[in-house]
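So you can see what is in the structure, the chains are spelled out below.
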Amino acid sequence: MWWYRALRNRIEATLRARPMPAGPWLDVGCGTGGLLRHLATAFPGQALHGLEYNPRAAQRAAAKSGAAVAAGDAAALPFPDSCFAAVTALDVLCHAAVDQPRALAEMRRVLQPGGLLVLNLPALRWLHSAHDRRVHNARRYTTREAQEMLAQAGFTPIQVGYWNSLLLPLMVAQRKLLARGEDAASDVAPFPPWLDALLFRATEAEAALAHRGMAFPAGGSVLAVAARTWPEAASPAPQRAPRMTFLSPTEPAPSVGLSIVVPVYRGADTVGHLVEALSALKPAGGIEIVLVNDGSPDNSGDVCRALAASATVPLTYVEHARNFGEHNAVMTGLRHVRGRYVITMDDDLQNPPEEVVRLYDHARLGGWDVVYTRYAEKKHAVWRNLGSRFANWVADQLMDKPKGLYLCSFRCMSALVAQEVARYSGPYPYVDGLIMQVTQRIDSIEVKHFARVQGRSNYTLRRLIRLWLNLATNFSLLPLRMAMFAGVGMGLLGMVGAVFTIIEALTKDTPSGWASMMTVMLLLAGVQFLILGVLGEYVGRAFLSANGKPQGVVREVVATRAARGEAIMHEAQPQQAPGA
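Rules and cut-offs
Residue numbering note: each chain is counted from 1, following its sequence as written. The predicted nature of this model means local features are confined to residues of pLDDT at least 70 and side-chain atom pairs, given and counted, to a pLDDT of 80 or more, with totals for whole chains, interfaces and linings taken over all residues. Side-chain numbers here rest on the full set of heavy atoms in the structure, without hydrogens or water. A run of H or I in DSSP becomes a helix once it reaches four residues, and a run of E becomes a strand once it reaches two; helices and strands are each numbered from the N terminus. To sort residues, take the accessible area from a 1.4 Å probe on protein chains only and compare it with the maximum for the residue type: under 20% means buried, over 50% means exposed, and anything in between is partly exposed. Whether two residues touch is decided by their heavy atoms; if any such pair falls within 4.5 Å, the residues are in contact. Note on areas: these come from Shrake-Rupley sampling with a 1.4 Å probe, and a residue is covered only by the protein chains present in the view. Scored from 0 to 100, pLDDT reflects the predictor's confidence in each residue. Side-chain atoms within 4.5 Å link the members of a nonpolar core, which is a set of buried Ala, Val, Leu, Ile, Met, Phe, Trp, Tyr and Cys residues. Pairs of strands are assigned from DSSP output, requiring at least two bridges between the strands. Here, axes are lines fitted to C-alpha atoms. For helices the fit covers the stretch in contact, and angles between N-to-C directions go from 0 to 180 degrees. Put simply, angles under 35 degrees are roughly parallel, angles over 145 are roughly antiparallel, angles from 65 to 115 are roughly perpendicular, and the rest are oblique. Throughout, the ten residues Ala, Val, Leu, Ile, Met, Phe, Trp, Tyr, Cys and Pro are labelled nonpolar, Asp, Glu, Lys and Arg are labelled charged, and all others, Gly among them, are labelled polar. If you view a crossover with the strands going away from you and the path from the first strand over the helix to the second runs clockwise, you call it right-handed. Salt-bridge detection follows one rule: a side-chain nitrogen of Lys or Arg within 4 Å of a carboxyl oxygen of Asp or Glu. Grouping into patches uses exposed residues only, defined as over 30% relative accessible area, and leaves out salt-bridged ones; the cut-off is 9 Å for like charges and 5 Å for nonpolar side chains (Val, Leu, Ile, Met, Phe, Trp, Tyr). This arc is built from the directions going out from the helix axis to the C-beta atoms.

A. Just the overall build of the protein chain, in detail. Counting its secondary structure elements, the protein chain contains 18 helices and 16 strands. Across the 580 residues that make up the protein chain, the buried fraction comes to 47%. Of the contacts formed within the protein chain by residues at least 6 apart in sequence, a portion of 81% connects residues at least 24 apart. For the protein chain, the accessible area works out to roughly 28000 Å², and carbon and sulfur atoms hold 61% of it.

B. Up close: the confidence of the model for the protein chain. The share of residues in the protein chain with pLDDT of 70 or more is 70%, and the mean pLDDT across the chain is 79. Low confidence marks residues 562-580, where pLDDT is under 50. Its contacts with residues over four positions away, or in another chain, come to 58 contacts.

C. Just the nonpolar core, in detail. Val28, Leu93, Met107 and Leu119 are the most contacted members of the largest nonpolar core, which has 38 residues in total. The residues touching Met107, leaving out its near neighbours within four places in the chain, are Val28, Leu77, Val87, Ala89, Leu93, Leu117, Leu119 and Phe155. Among the nonpolar cores identified, the runner-up in size contains 37 residues, and Leu278, Leu281, Ile343 and Phe410 belong to it.

D. Just the sheet that holds strand S3 (residues 68-71), in detail. One open sheet accounts for seven strands, arranged S3-S2-S1-S4-S5-S7-S6; its pairing is mixed. Each having just a single partner strand, S3 and strand S6 (155-163) make up the two edges of the open sheet. Across the sheet, the mean angle separating the axes of adjacent strands is 15 degrees when strand polarity is ignored. Bridge analysis of strand S4 (residues 84-90) against strand S5 (residues 111-122) gives six bridges, and the strand direction is parallel. Paired with Thr88 across the bridge in S5 is Val118. Relative to the sheet, helix H2 (residues 34-42) contacts strand S1 (25-28), strand S2 (48-52), S3 and S4, its axis offset from that of S2 by approximately 175 degrees.

E. Spotlight on the packing of helix H11 (residues 326-334) against helix H15 (residues 431-438). Their axes nearest at 10 Å, the elements H11 and H15 cross at an angle of 50 degrees. Taken together, H11 and H15 sit at an angle that is classed as oblique. Where H11 abuts H15, its residues His327, Val330 and Met331 lie against Val431, Asp432 and Leu434. Here the contact of H11 with H15 is composed, by residue class, of four nonpolar, one polar and one charged.

F. Highlighting the pairing of S1. Residues Trp25 and Asp27 point to one face of S1 and Leu26 and Val28 to the other, with burial holding for every one of them. Sheet topology places S1 next to S2; four bridges connect them, and they run parallel. Opposite Leu26, over in S2, you have His49 as the bridge partner. Once the chain exits S1 it traverses H2 before rejoining the sheet at S2, and the crossover so formed is right-handed.

G. Main features of the pattern of salt bridges. Overall, the coordinates contain 18 salt bridges when judged by the stated rule. Of the charged contacts, one joins Arg5 and Asp196 as a salt bridge, the two residues approaching to 2.9 Å between their closest N and O atoms. One end of the pair, Arg5, is in helix H1 (residues 2-17); the other, Asp196, is in helix H8 (residues 193-211), with 191 residues separating them in the sequence. A relative accessible area of 29% places Arg5 in the partly exposed class. As a salt-bridge pair, Glu355 and Arg358 come within 3.0 Å of each other at their nearest N and O atoms. You can see Glu355 and its partner Arg358 sitting in helix H12 (residues 355-366), three residues apart, about one turn around the helix. Several salt bridges converge on common partners, so that one network encompasses Asp302, Arg305, Glu319, Arg555 and Glu556.

H. Main features of a nonpolar patch on the surface. Residues Met1, Tyr4 and Val188 make up a contiguous nonpolar surface patch of about 230 Å² in total accessible area. Mapped onto the elements of the fold, Val188 is located in the loop between helix H7 (168-177) and H8. Residue classification places Val188 among the partly exposed residues on the basis of a relative accessible area of 40%.

I. Spotlight on the side chain of Ser279. Relative to the assigned elements, Ser279 resides in helix H9 (residues 271-279). Owing to a relative accessible area of 15%, Ser279 belongs among the buried residues under this scheme. Dropping the residues within four chain positions of it, Ser279 is found in contact with Ile289, Thr312 and Val313.

J. Quick look at helix H3 (residues 55-65). Those residues of H3 that sit buried are Ala57, Ala58, Ala61 and Ser65. Seen end-on, H3 carries its buried residues on one side only, within an arc spanning 100 degrees. In H3, those exposed residues whose orientation departs by more than 90 degrees from the buried face are Pro55, Arg56, Gln59, Arg60 and Ala63. Packed against the buried residues of H3 are H2, S2 and S3. In the segment just after H3, Gly66 is the residue with positive phi, at about 80 degrees.

Next up, the structure:
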């Protein structure tokens, strides 16, 4: 296909134009070996290696190109440190299954100092379409975002620019104006020979213009060239958890298969039983637990510190300086996780821990970004169940979520979704709304639901109303539109009433009545105050966000090493987070 030929030519030209140390080259995510075969022909004698997640594709790539191809994960490259002079990764970091920070850290690790990293990335988020969903592209980039990503990962960007620019209008027309349904196939398909040749010539003409120094302001792809920082510098930790405390300043924390985030509030009597049950689980890839004490007024903090001191699995305890709310606590927890998948659950034991592995496996093996849970029978009070149903009905109207999907705090999400959700820095987070903005690859399973073991629900009517307001005003303009329609409707009703009043005045001799006047005045005043209230809610939230109201303030973090049963406590000055 013309696009792959054009991309391979771009990579060849890039590798020819840049000096680099002597040594073998690696293509991460080599597929069935198209680029490796091209490079073997263009650079005879150059030692080439490949890495491909699918073992069958890796075998085919090795047979096609003659390169040494391994099957493995981009986030855990099976190669020694500083062994490659160049690493290429074409449309790999954008994939939903790839852990971007860890993959970049691994590519940096295997590069020699001064070695080249060449990336191809899909460009422009607004260009996301059915094609991306079909091929599991979860990210699109601007040149600025690509530069920042490389700098944060310890690379020195050399050249970052758009390409496939001349054909961008055709891409916009095909993918956006002639947008296809969710089940449509990818547009990677055979073209008629004359059209394939014409499109390829357009990319060659664009490459010639770029060679003469022309920079394009936009394009379908971003080509990024960077070098491993020289002189040598320490590789920065992934930015998923900005203030994560590792147990050894020289030993980065390893990743785990599953992280469990538990917001703790009035949970002193139950959180110990929950941690004990979770610690006994054996999910694939291992488990870690993150407890976030959201300013609990009881002795939950002391209980959690004791759990950290005696933990048999990796456990991180984070303490908020005051109560910020459940969703704020979840956001803080998401910034401290290291798992490839993350489960959030309450501390009240209403969600049985034995359902955790089943939920995790359903997401992991099914390739889902998010899996929610639903209950055959909920063990909440009647008013609480009615409130939940109302909130889900409102979510159906306001959010772009699958119809009928039950939103529950017991959910599993991939590291990709957790990372994107954790970027939100506003003071009124609604986790489910943020999830819907990131992905639509969502499923649900039915799990058991038990009655609360001790105490009563922390969700009062006031908290449920506040949660509903977060949903209604943070992720939709529908309330504003409803207020506008109410104003228009009352205006039309007033015009009709005025016409009847004029007709009555002209045809009948009736005295003016104060009752009708008061009725109209009260009706109009009520609608006006409704509109002002909705506008005030939006303006107030915008004001507090602009003034930097914190999403969460972390007072203390305790991280444990399960193997030695040790704990390190770090005191910190209160800091404004997006979530710490």
